[in-house]
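# Residue-level structure breakdown
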Amino acid sequence: MARERLYLFDTTLRDGAQTNGVDFTLADKLAIAGMLDELGIDYVEGGYPGANPTDTELFGQDRKFDTTFTAFGMTRRPGRSTSNDPGLALLLDAKADAICFVAKAWDYHVRVALQTTEEENLASIRDSVKAAKGKGREVLLDCEHFFDGYKANPKYALACAKVAYEEGARWVVLCDTNGGTLPHEIETIVGEVCKVIPGDHVGIHAHNDTEQAVANSFAAVRAGARQIQGTLNGLGERCGNANLVSIIPTLKLKREFSQTFDIGVSDAALKKLAQVSHALDERLNRGSNRHAPYVGESAFATKAGIHASAIMKDPATYEHIAPDTVGNKRKVLVSEQAGRSNVLAELERIGLKVNKDDPRVSRLLEIVKEREAIGYAYEAADASFDLLARRTLGTVPSYFEVTQFDVNVEQRNNAKGERVTVTMAVVKVRVGADNMISAAEGNGPVNALDLALRKDLGKYQKYIDGLKLTDYRVRILNSGTEAVTRVLIESEDEAGERWTTIGVSPNIIDASFQALMDSIVYKLVKSGAPA
Ligand SMILES: [Zn+2]
């Protein structure tokens, strides 16, 4: 049986841009639109031409995307004609494949916010859809506050949706603008709408204020809607919008949806999903949510020993999907609760062949437990565990040696009489028979040490050129008699692969140094650098 087409509409660049602290540049918008296009998203809403210089510029240029690039804006203002509304004119002239209008669908908002009559609001919708169709654009209408409006006055809310559909809008999108509607209400109301407007012209736009935006989107689809609007990583104001990064794999991998619907995202594109999700966070300069469904670092991480031993026999025992279908990885956490089975599973995953009765496995487990007792946390530092395992098995070459380092932090007045803090690090490194000294200034001791350490590693330099530190986290642990500092460093290579390393010491510089060293050595091992 032929499957029905379900359409995805991304509004990361418009509604997602409302997120606190998010401010996209033109370059950001173009790069993100490119990722969404490659992913196979049907509609990408780029922004609101005329509302700010970035969006105006974005819609002033031609782009080469397969996706239907969509401009967002308001319907004509009450009491004006479509030819006498400068805002509407900008929207109609935008270089966009489609125009998504937003209009009030709640009689109370029409009266109080728009201060106009119900009839004039309907006329504004009708005229605006007609004007955009006249310009050859595909037209969508976002019905703002649709669900609250429907509860207050179903007849009027439906009239707003219907007038747009009858005038030729391709999609009428029902928005849960306040995000407070629950899945069963969404399903009932969308079902009623689909009796009046065919479901393949109905979309859902859900906000996450009760943490059910994804569930609400699926409730709408069950009731007949055939377009889902959402954002990457659930970006959006307040609690965010429906998260497409959770919606896409559910549609692709869960039978209820995969047997009924086709979406524009291919199996091959699905394998890039984790990468797309992380790339967005990277661009926003913020850490990824480790516990994000499907794509988070912990989404397929198992800790307890009994689960780990079952996972080794058959991953399906504790995994709802195969991690690599969404570009993620299985991870068996090594922790103090761990048994041999966790260690063996992790050794297998990182590709270290070892007999399960090998005494070195017991030795490794002992070392892990000893070190975790003094503050190490290997479950959070995959790369440090990898190195510890390789060292215990005797397979890590000694590439280079840091024979000495010195970090100096000085606070003084500069020539202008301003108080400044200057940090400098000097590192002495021996690579084979060569001794090298590097010095660097940094914005802090760890930064200076990192820069000095990576300045010159002789023949190994080419392997670490693409290495960059993406996150640095410090915790003070009060375990036992003295406080120790735990440092976790997240690194990334030129191919976008990430890993985390750890250092523990009473001294923060020393703890950071351990984590930095692990990160560099891990990169050399991973790159197959010669000893
Ligand atoms: Zn919204």
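Use the structure listed above.
Okay, so let's go over this structure. (Residues numbered from 1 in each chain as written. Predicted model: local features only at pLDDT ≥ 70, side-chain atom pairs only at ≥ 80, totals over all residues. Heavy atoms only, no water.)

### Here's the deal with the layout of surface pockets
- In this structure, the largest pocket encloses a volume near 930 Å³.
- Looking at the largest pocket, it is lined by 38 residues, and the ones nearest its centre are A274, Q275, H278, G496 and R498.
- Contributions of two or more residues to the lining of the largest pocket are made by α1 (26–39), α12 (267–270), α13 (273–283), β16 (468–477), β17 (484–492) and β18 (498–505).
- The element that contributes the greatest number of residues to the lining of the largest pocket is α13, accounting for 6 residues.
- Here the residues of the lining of the largest pocket sort into 10 nonpolar, 11 polar and 17 charged. (1 Å grid on protein atoms, 1.4 Å probe; cavity = no way out; pocket = protein on both sides within 12 Å on 5 of 7 lines; lining within 4 Å. Points joined across faces, edges and corners; volume = space filled by probe spheres on them. Helix = DSSP H or I, 4+ residues; strand = E, 2+ residues; numbered from the N terminus. Nonpolar A, V, L, I, M, F, W, Y, C, P; charged D, E, K, R; others polar.)

### Thoughts on the side chain of R226
- Examined against the element boundaries, R226 turns out to sit in the loop between α9 (213–222) and β9 (227–230).
- According to the relative accessible area criterion, R226 is buried, its value standing at 10%.
- At 3.4 Å, the side chain of R226 and the backbone oxygen of G224 are in polar contact.
- Residues within four places of R226 in sequence aside, it is in contact with E4, R5, L6, Y7, W171, G199, D200, V202, V221 and F261. (Buried < 20%, exposed > 50% of the residue type's maximum accessible area, 1.4 Å probe, protein only. Polar contact = N/O pair within 3.5 Å; in protein donor to acceptor, adjacent residues only side chain to side chain. Contact = heavy atoms within 4.5 Å.)

### Concerning the coordination of the zinc ion
- Around the zinc ion, the protein supplies D15 (OD), H205 (NE2) and H207 (NE2) as donor atoms, at distances of 1.9 to 2.2 Å.
- If you list the donors of the zinc ion from N- to C-terminus, the spacing comes out as D-x189-H-x1-H. The two residues H205 and H207 agree in class, both being buried. (Donors = N, O, S within 2.8 Å, 3.2 Å for Na, K, Ca; no water.)

### Considering the sheet that holds β18
- Reading across from one edge, β16-β17-β18 is the order of the 3 strands in this open sheet, with antiparallel pairing throughout. Two strands close off the open sheet at either side, each with one partner strand: β16 and β18. Here the average twist between neighbouring strands, direction ignored, is 15°.
- As paired strands, β16 and β17 are joined by 9 bridges and run antiparallel to one another. Following the sheet pairing, L477 is matched in β17 by V484. (Pairing = 2+ DSSP bridges. Axes fitted to C-alpha atoms, helices over the stretch in contact; angles between N-to-C directions.)

### Quick look at the pairing of strand β4 (residues 68–74)
- Along β4, 6 of the 7 residues are buried, which leaves the element largely enclosed by surrounding structure.
- By the bridge criterion, 4 bridges tie strand β3 (residues 43–47) to β4 in an arrangement that is parallel. Residue pairing across strands places E45 opposite T70, the latter belonging to β4.
- Note that the unit made of β3, helix α2 (residues 53–58) and β4 has a crossover that is right-handed.
- As paired strands, β4 and strand β5 (residues 98–104) are joined by 5 bridges and run parallel to one another. (Right-handed = clockwise from strand over helix to strand, strands pointing away.)

### Thoughts on the packing of helix α16 (residues 359–373) against helix α17 (residues 382–392)
- Direction vectors running N to C along α16 and α17 enclose 135°, while the axes themselves pass 10 Å from each other. Between α16 and α17, the interaxial angle falls into the category oblique. Here α16 and α17 pass one another in a crossing that is right-handed. Two secondary-structure elements touch here, α16 through R360, R363, L364, I367, V368 and R371 and α17 through F385, L388, A389 and T392.
- Here the residues of the contact of α16 with α17 sort into 6 nonpolar, 1 polar and 3 charged. (Parallel < 35°, antiparallel > 145°, perpendicular 65-115°, else oblique. Left-handed = near helix turned anticlockwise from the far one by under 90°.)

### Focus on the packing of helix α5 (residues 118–134) against helix α7 (residues 154–166)
- Axis separation between α5 and α7 bottoms out at 8 Å; the angle between their running directions is 20°. By the angle class used here, α5 and α7 are roughly parallel. Classified by chirality, the crossing of α7 by α5 is right-handed. In this structure, α5 contributes E118, N121, L122, I125, R126 and V129 to the contact, and α7 contributes Y156, A159, C160, V163 and A164.
- Classifying every residue of the contact of α5 with α7 gives 8 nonpolar, 1 polar and 2 charged.

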